[in-house]
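Overview (structure and organization)
What follows is each chain in one-letter form.
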Amino acid sequence: MSTAGPLGLDPALLEILACPAPDHGELRPDVEASTLTCTVCGRTYPVTDGIPVLLLSEAANGPDAGPDGGSSDTAGG
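Scope of this entry: the structure provided in the associated data block. (Residues numbered from 1 in each chain as written. Predicted model: local features only at pLDDT ≥ 70, side-chain atom pairs only at ≥ 80, totals over all residues. Heavy atoms only, no water.)

1. Re the overall build of the protein chain
Broken down by element type, the protein chain carries 1 helix and 4 strands. Taken from the N to the C terminus, the helices and strands of the protein chain come in the order α-β-β-β-β. By the burial criterion, 25% of the 77 residues in the protein chain qualify as buried. In the protein chain, the proportion of contacts linking residues at least 24 apart, taken out of those at least 6 apart, comes to 19%. With the model as given, the accessible surface of the protein chain reaches about 5000 Å², and the carbon-plus-sulfur share is 54%. (Helix = DSSP H or I, 4+ residues; strand = E, 2+ residues; numbered from the N terminus. Buried < 20%, exposed > 50% of the residue type's maximum accessible area, 1.4 Å probe, protein only. Contact = heavy atoms within 4.5 Å. Areas by Shrake-Rupley, 256 points an atom, 1.4 Å probe, with all protein chains shown as cover.)

Structure, rendered in structure tokens:
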């Protein structure tokens, strides 16, 4: 009975979702990029087939992003 909101997500779900980073900032939808963006740290999380992927390892941008804008999976050396 609920209607889909931005990115195919239920508006009630969008109200309670929070960034998994320690600050737990509010997430804002970016329909063009199919992502949710944290209003505190700036990390962006993909939304795939209407399912938000809220894993820090999948986040792009944010304070610990590498030079390409994504998070780094390899140790520097």
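Next comes the rest of the account.
2. Structural notes on the environment of Thr 35
Topologically, Thr 35 is positioned in strand 2 (residues 35-38). In this structure the C-alpha to C-alpha distance between Thr 35 and Ala 59, which are 24 residues apart in sequence, comes to 9.7 Å.

3. A closer look at the environment of Pro 52
Turning to its location among the elements, Pro 52 is positioned in strand 4 (residues 51-52). Between the C-alpha atoms of Pro 52 and Leu 9, which are 43 residues apart in sequence, the distance is 8.4 Å. Every residue in contact with Pro 52, bar those within four places of it in the chain, is listed here: Leu 9, Leu 17, Leu 36, Pro 46 and Val 47.

4. Here's the deal with the pairing of strand 3 (residues 44-48)
Bridge count for strand 2 against strand 3 is 3 bridges, and the pairing is antiparallel. Within strand 3, the residue paired with Thr 37 across the bridge is Thr 44. Joining the antiparallel neighbours strand 2 and strand 3 is a turn of 5 residues, in which Gly 42 adopts a positive phi near 85°. Sheet analysis places strand 3 next to strand 4, joined by 2 bridges and oriented antiparallel. Looking at the pairing, Thr 48 lines up with Ile 51 of strand 4. If you look at the hairpin formed by strand 3 and strand 4, you'll find 2 residues sitting between the two strands, and Asp 49 has a positive phi there, around 50°. (Pairing = 2+ DSSP bridges.)

5. Let's talk about the sheet that holds strand 4
If you walk across this open sheet you meet the 4 strands as 1-2-3-4, and the pairing is antiparallel. Strand pairing shows two members of the sheet lacking a second neighbour, strand 1 (27-30) and strand 4, which therefore form its edges.

6. Points about the nonpolar core
Membership of the largest hydrophobic core comes to 13 residues, with the highest contact counts inside it found for Cys 19, Leu 27 and Leu 36. Those elements giving two or more residues to this core turn out to be strand 2 and strand 3. (Core = buried A, V, L, I, M, F, W, Y, C linked by side-chain atoms within 4.5 Å.)

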